[in-house]
Structures are given as structure tokens and as C-alpha cells.
2 protein chains.
Amino acid sequence: MASPGEDWQDELRARGYRITPQRQLVLDAVRVLEHATPEDVYAHVRQRSPGVNLSTVYRTLELLEEIGMASHTHLGHGAPTYHSHDKPEHVHLVCRSCKTVQEVAPDLVGSLVDTLKDRKGFETDVGHLTVFGICEECTS
Amino acid sequence: MASPGEDWQDELRARGYRITPQRQLVLDAVRVLEHATPEDVYAHVRQRSPGVNLSTVYRTLELLEEIGMASHTHLGHGAPTYHSHDKPEHVHLVCRSCKTVQEVAPDLVGSLVDTLKDRKGFETDVGHLTVFGICEECTS
DNA sequence: CTACTTGCAAACTCTTTGCACCATA
DNA sequence: TATGGTGCAAAGAGTTTGCAAGTAG
């Protein structure tokens, strides 16, 4: 599930991909930043290596998803946000009022998953579930 | 909740907005088409009135949301889809495999709403909830 | 060396905005 | 006739792509 240390390099090589400094930088950025947009990742990468191009970031993010090391979610209107699979799966709660995003454990939505499976035969992709609403802070 | 007949005109006027043929066309399109993207709405409107501009569609969709007659959801990567509030609230299930969208009754997610409220103090916006996964057809 | 990658620039999709003209109230 | 609305064109985000030069294996 998680990506222990540097195994990702073997994963890449095994699939015929190459290990490049750009890919390392992008992976690092996705791991460090959480809910990072491509632009966020780009900015972070460029702090360490100003020559890297935005399109390389896009291509690498796509690659990371393809090999299952990261995934993206649409948290509202703008750009999507990426997170690495080092961390356990989680559900996003997005507050419409203060725009903050909190992560909650997947078991909180277990009953939803079961209900959809039983009543609709639908297999929920919990890792991509985003719930919009108003957070505790903003309701009080 | 629903919009009985032509009351929306009073609603607009009451807020100082004007009734225009373009607005009627866009509202009709949103009501007829379901899960319509701005482009879908545009195409539908232009069948009846070729002169209407895309930016008018965008401006009108924004207006309809503002006065609570429609809302939009992000069903995946591309453009958002709009639906009118004539129909009861519903949750969207989007199949990653065949891309179909089904609507299910909000009570199916009642337990989720309760859990998030009790455990996180989070008020879920059920009307904007979209669940990604694999539908019954595609799992078999 | 050879194939995969990158940087660069251009193209693309989706959406917003400024402004003069037009039409509703 | 006074605003608010529309069409048009241009600008803006966000993302993708073609291609020549660079580099990992």
C-alpha cells in the first residue's frame, strides 16, 4: 500500500520507465505538500530546481497516477489536487464556507459503501470520495 | 422547493433582474437536459435561437444558481453539469468504467450524513454529493 | 548508442471580462 | 428613458502536444 523508501524506483524501472531528477522532485513534492495542485507542485519543485518545466510536472503527475503512487481529486472548481499513496486512503470533507479541507478515516463512510453496494450494486471508490458541506467551525 | 410553472419570473423580478428570452431558453434547457454542461445547454439553446452567445449561457447559469433554481456538480474531469431544482435533491453515482451517471435518493446516504454530523460536526451538502466507483453493470 | 525524457512554444479547452449596443420595465 | 442584459472579441486559467535536444540505462 504505502511506498517504503525508494521502492518506487524499482517500480518505475520494472515498467521500463527511467529515474530522472525531475521525477524524484515531483514525487517529493507530492509527498510533502498535501492536496497539492499541479501549480503547487511546480512551485515547490522549482525552489530546488528552477529549470524544471510545468509540462514535466503534468507528465510526471500523470505517470505517478498510472503506476498507482498518487491520485488526484477535484476539490471544488479549480485545479485538481494530488496526494501520494504513502498515506492511508481517506475521504475529503470540503467546507464551502471557509474552504478548508479535512481528511477523515474511510471507516466513517463504511455504512454508505455498504448501502450502495447492497441496494445499487455500486462499488464505491472511497479514496476519491469528496463530501461538500459546512464544517463545525462555520456552523457555530 | 420545486419551481411551480412560471413563478421563477416573479422571483427574478423581485430581485431586480429582468426576464429575457435568453434566460427563458437557458432555464428550459437546464430543465429538459439533465446533467447538462454549459456546452450542452448552449447547443440546446441555439437550436431554437441561433443568435445566443455562449457567455450569456454562462452568465445565466451563474444567475440560476444564485437565485437557487439550479446547481452544478463536478462529475469527473471535464466541465461541470447543471440541473434544475424542479426535481428533488439527489446524489450522483458516477461509474469510472462506463461513465454513466445515475441518480439515487438522498436517504441512501442518510447514515453518512448522520455519522459526519455526529462525529465531525460536519453538515453535508447532499445535493452536491458525487460518488465515484464502478456500477453494477461493470462489475459483473 | 538508443530509446525515453525534457524544455520550449504553440495549441487547446473551458470560462471570464470589458465594452458598445440593445431591450426590458 | 434608465438600467440591466447581450453579443462580440479578447484575455485568462488550466492542460496538452509536437518536436528537437538532452540523458539514463
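Our structure's up above, just so we're on the same page.
So, here is what we can say about the structure in this document.

Conventions and cut-offs
- Residues numbered from 1 in each chain as written.
- Chains lettered and ligands numbered in written order.
- Predicted model: local features only at pLDDT ≥ 70, side-chain atom pairs only at ≥ 80, totals over all residues.
- Heavy atoms only, no water.
- Helix = DSSP H or I, 4+ residues; strand = E, 2+ residues; numbered from the N terminus.
- Expected span 1.5 Å × (residues − 1).
- Contact = heavy atoms within 4.5 Å.
- Salt bridge = Lys/Arg side-chain N within 4 Å of Asp/Glu carboxyl O.
- Buried < 20%, exposed > 50% of the residue type's maximum accessible area, 1.4 Å probe, protein only.
- Near = heavy atom within 4 Å.
- Polar contact = N/O pair within 3.5 Å; in protein donor to acceptor, adjacent residues only side chain to side chain.
- Nonpolar A, V, L, I, M, F, W, Y, C, P; charged D, E, K, R; others polar.
- Least-squares fit on C-alpha atoms with pLDDT ≥ 70 in both.

## As for helix 2 (residues 21-32) of chain A
Across its 12 residues, helix 2 of chain A extends 16 Å between first and last C-alpha, which sits within 8% of the 16 Å expected from 1.5 Å per residue. Packed against the buried residues of helix 2 of chain A are helix 1 (7-14), helix 3 (38-48), helix 4 (54-66), strand 1 (70-73) and strand 2 (81-84) of chain A.

## Topic: the pattern of salt bridges
When the charged atoms of two side chains lie near each other, side chains of opposite charge can form a pair. All names here are of chain B. Per the stated rule, a full pass over the model turns up 10 salt bridges over all chains. Among the salt bridges present, the one from Arg48 reaches Asp28, with a minimum N-O distance of 3.1 Å. Of this pair, Arg48 sits in helix 3 (residues 38-48) while Asp28 is found in helix 2 (residues 21-32), placing the two residues 20 residues apart along the sequence. Residue Arg48 is classed as exposed on the basis of its relative accessible area of 53%. Exposure remark for Asp28: the relative accessible area of 28% places this residue in the partly exposed category. Between Lys117 and Glu123 there is a salt bridge, and its shortest N-O distance comes to 2.9 Å.

## Side note on the protein's contact with DNA strand D
Neighbouring DNA strand D are 21 residues; Tyr58 and Pro80 of chain A together with Arg18, Arg23 and Thr56 of chain B lie closest to it. Thr20 of chain B has a polar side-chain atom sitting 2.8 Å from a phosphate oxygen of DNA strand D. Among the elements that line the surface near DNA strand D, the one with the most residues is helix 4 of chain A, at 4 residues. In terms of residue class, the surface near DNA strand D is made up of 8 nonpolar, 7 polar and 6 charged.

## A look at the relation of the copies chain B and chain A
After a rotation of 180° and a shift along the axis of 0.1 Å, chain B superposes on chain A with an RMSD of 0.1 Å. The superposition operator between the copies reduces to a two-fold rotation axis. Proximity to the rotation axis, assessed at the C-alpha, singles out Leu112 of chain B in chain B; its C-alpha lies 2.9 Å from the axis. A share of 100% of the interface residues of chain B reappears at the interface of chain A, consistent with the copies meeting face to face through the same patch.

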